[in-house]
Amino acid sequence: MAQHYLTLELVDKSFQRGGTKTEVLTQVSLGVAKGEFISIIGHSGCGKSTLLNIIAGLTPATSGVVFLEGKTVDAPGPDRAVVFQNHSLLPWLTVYENVALAVGKVFRRTKSRAEQHDWILHNLDLVQMGHARDKRPGEISGGMKQRVGIARALSMEPKVLLLDEPFGALDALTRAHLQDAVMEIHARLGNTMIMITHDVDEAVLLSDRIVMMTNGPAARIGEVLDVPIVRPRNRIELAGDRTYLKCREAVLKFLYERHRFVEAAE
Amino acid sequence: MSVAQIHPAKPAPASVDARPMTPQARILSFMPRKPAEGSLARLPQLLRQLGESLLPPLITLAVLLAVWEVLCSSPTAPLPPPSRVLTESWQIIADPFYRGQGTDQGMFWQILASLQRVAIGYSLAAIAGIALGVLLGQSQWAMRGLDPIFQVLRTVPPLAWLPLSLAAFQDGAPSAIFVIFITAIWPVIINTAAGVRNIPQDYQNVARVLRLNGFEYFGRIMLPAAAPYIFTGLRIGVGLSWLAIVAAEMLIGGVGIGFFIWDAWNSSLISDIIVALIYVGVVGFFLDRLIALAGRLITRGTATA
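Residues numbered from 1 in each chain as written. Chains lettered and ligands numbered in written order. Predicted model: local features only at pLDDT ≥ 70, side-chain atom pairs only at ≥ 80, totals over all residues. Heavy atoms only, no water.

J.: Before we go on, may I ask you to explain the pairing of strand E3 (residues 37-41) of chain A in this structure?
T.: Note on strand geometry: in a regular strand, side chains alternate between the two faces of the sheet. All names here are of chain A. Counted residue by residue, E3 has five buried out of five residues, so it is predominantly covered. Along E3, one buried face is formed by Phe37, Ser39 and Ile41 and the opposite face, lined by Ile38 and Ile40, is buried too. Relative to strand E8 (residues 192-197), E3 runs parallel, the two sharing five bridges. Note that in E8 the partner of isoleucine 38 across the bridge is isoleucine 194. (Buried < 20%, exposed > 50% of the residue type's maximum accessible area, 1.4 Å probe, protein only. Helix = DSSP H or I, 4+ residues; strand = E, 2+ residues; numbered from the N terminus. Pairing = 2+ DSSP bridges.)

J.: Would you explain the nonpolar core in this entry?
T.: Among the nonpolar cores identified, the biggest contains 147 residues, and A:Leu8, A:Ile150, A:Ile194, A:Val204, A:Ile210, A:Met213 and A:Val251 are the most heavily contacted of them. Counting residues per element, this core draws most heavily on helix H13 (residues 214-252) of chain B, which supplies 14 residues. (Core = buried A, V, L, I, M, F, W, Y, C linked by side-chain atoms within 4.5 Å.)

J.: Please explain unusual backbone geometry as it appears in this structure.
T.: Of all residues except glycine, most have a negative phi; of all peptide bonds, most are trans. Residues and elements named next belong to chain A. Of note, the amide linkage connecting arginine 231 to proline 232 takes the cis form, showing an omega dihedral of -5°. Relative to the elements of secondary structure, proline 232 occurs in the loop between strand E10 (221-226) and helix H7 (235-238). A positive phi angle, close to 50°, is found at glutamine 27, a residue other than glycine. Mapping glutamine 27 onto the fold places it in strand E2 (residues 20-32). In this structure, glutamate 157 takes a positive phi of about 45° despite not being glycine. Classification of glutamate 157 as partly exposed rests on a relative accessible area of 48%.

J.: Explain helix H5 (residues 172-189) of chain A to me, please; I cannot follow it from the model alone.
T.: Since the α-helix packs 3.6 residues into each turn, any two residues three or four apart lie on the same face. Residue and element names in this part refer to chain A. The end-to-end C-alpha separation of H5 is 25 Å, in line with the 26 Å expected for 18 residues at 1.5 Å each. For H5, the set of buried residues is Thr174, Arg175, Ala176, His177, Leu178, Gln179, Ala181, Val182, Met183, Ile185 and His186. Looking one or two residues past H5, glycine 190 carries a phi angle of roughly 65°, positive in sign. (Expected span 1.5 Å × (residues − 1).)

J.: How should I be thinking about the pattern of salt bridges in this particular structure?
T.: Oppositely charged side chains may form a pair once their charged atoms are brought near each other. All names here are of chain A. Per the stated rule, a full pass over the model turns up 16 salt bridges over all chains. For the salt bridge of arginine 231 with aspartate 208, the shortest nitrogen-to-oxygen distance reads 2.9 Å. Here arginine 231 is found in the loop between E10 and H7, whereas its partner aspartate 208 is found in the loop between helix H6 (200-206) and strand E9 (209-213), with 23 residues between them in sequence. Taking relative accessible area as the criterion, arginine 231 reaches 33% and is therefore assigned partly exposed. We note a salt bridge from glutamate 249 to lysine 253, for which the minimum N-O separation is 3.2 Å. (Salt bridge = Lys/Arg side-chain N within 4 Å of Asp/Glu carboxyl O.)

J.: Looking at this structure, I do not really get the interface of chain A and chain B. What am I missing?
T.: It is common to give the size of an interface as the accessible area lost on bringing the parts into contact. Residue-level contacts link 35 residues of chain A with 26 residues of chain B. Both faces combined, the contact of chain A with chain B buries some 2800 Å², and carbon together with sulfur accounts for 62% of it. Sorting the residues of chain A by area buried against chain B places A:Trp92, A:Leu101 and A:Lys105 first, and these three jointly supply 23% of that buried surface. Taken together, the links from chain A to chain B amount to two salt bridges. For B:Glu216, the salt bridge goes to A:Arg108, with nearest N and O atoms at 3.2 Å. Along the contact surface separating chain A from chain B lie seven residue pairs in polar contact (both at pLDDT 80 or more). Here the side of chain A that touches chain B gets five residues from one element, more than from any other, and that element is helix H4 (residues 142-155) of chain A. (Contact = heavy atoms within 4.5 Å. Buried area = accessible area lost by both parts, 1.4 Å probe. Polar contact = N/O pair within 3.5 Å; in protein donor to acceptor, adjacent residues only side chain to side chain.)

Written as structure tokens, this is what we have:
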């Protein structure tokens, strides 16, 4: 497994609260190739966000290891930039300053002031937010905030871009635009991306592989589905595409037949 | 504010997410809403707003003064009516910049002396209070160790500290400043600690992914995130310190509004006391507004996420 770009080896996670131990993840192993787009899908409470946090280094795994380019991951860092579910922009900074905070920190030694400035604008343009650089997060829409969140993450030039349900809080139209934007960025920059989602269409449209999680507690990887659809992908053309529908059906069957979500499973 | 929202100057934000549908996005710009007739047409409205906000307090004030005048109009009344205050104390009302010997100074200088003491004591309290508040907010151990002590100490009345500080400093001036300090510091500590403890996990995660060091986290995340709480504490603190200065100065003497009041009482100049009280109230009001304004300017944007 060690030849993968990003490797998860037998990752377990359990939380200890009081005297009771709650197993969240068990025996999660996964290899991700460079440039691959992976979606992790599962019902709520299956620990997919916990899994992302473990890759990000924000939460330590109880046992098991995460390797990135052969090195163990044990703390958060800009090489695994996260796009948070609720954008997490700092409201007292402008759009430009939010990205500048990341750029200034990551490229303090390697880029001059002018280069940093150009790099910030380049990343804002990448998500089509250059026009709003002097606005504060409170003054722009949810979709725009998430664009800036993506720009901030991209500006760190991460080895792996981690997206934690990035479009979950957005309306369907805005979500579609942002999905297209992410696909375009992925095509242009070839980033390795791991995205948490609970949207089947989103997973099939964006991913090279879909990792399907079983229900928690003690969730594990149930199946990994290859999505052999050529890129660039177009949501309208794909709507009737045979492979697309088959992939979609496979995910739906997994989620709603074999691992149907039972409320209050404990 | 509301006027600005009615005329959307830039329709740009709406057009971004709708970019692939350009023709529709342009429709928004068909809303140039008669910007010319702005300021002149709004003049009567402005006057009315001014009247609405100024008239009620003026009427209330007039009524209160009239009641006071009537109640204290008899020659045997223990307190002077407003008209007598005006005539008896005309000298200190008319010449606030008067300079005499020793404590015989105009009202402006009395207030200035008090404000200087408050400024020193309050600044020290703000610095120490924010520092201790950050410590309490960051460290569980500091919280558990210090919070019970602070909760007890903060209930000690300001003047109860004065004899102790006189004994420690052997001098009136630093003692008064210490009393201000010890009065103003508690709300600053407690609110700062609450602000730091309430920094959203999201911001902390951002800081961790960026690997901000302690200083960067303090300056870029912690202070701005906790600023609304900190300013609440600072605002309560400035009110308390202005309350304490008058009492403290009564006891330590020297130039200052507190001793001025005490001195007037000893000389049976009741009218002077009333004038001084008005000064104290007005200055206290402006101190409160000043901190509130500073808070609004500095925390602009933090309230909305």
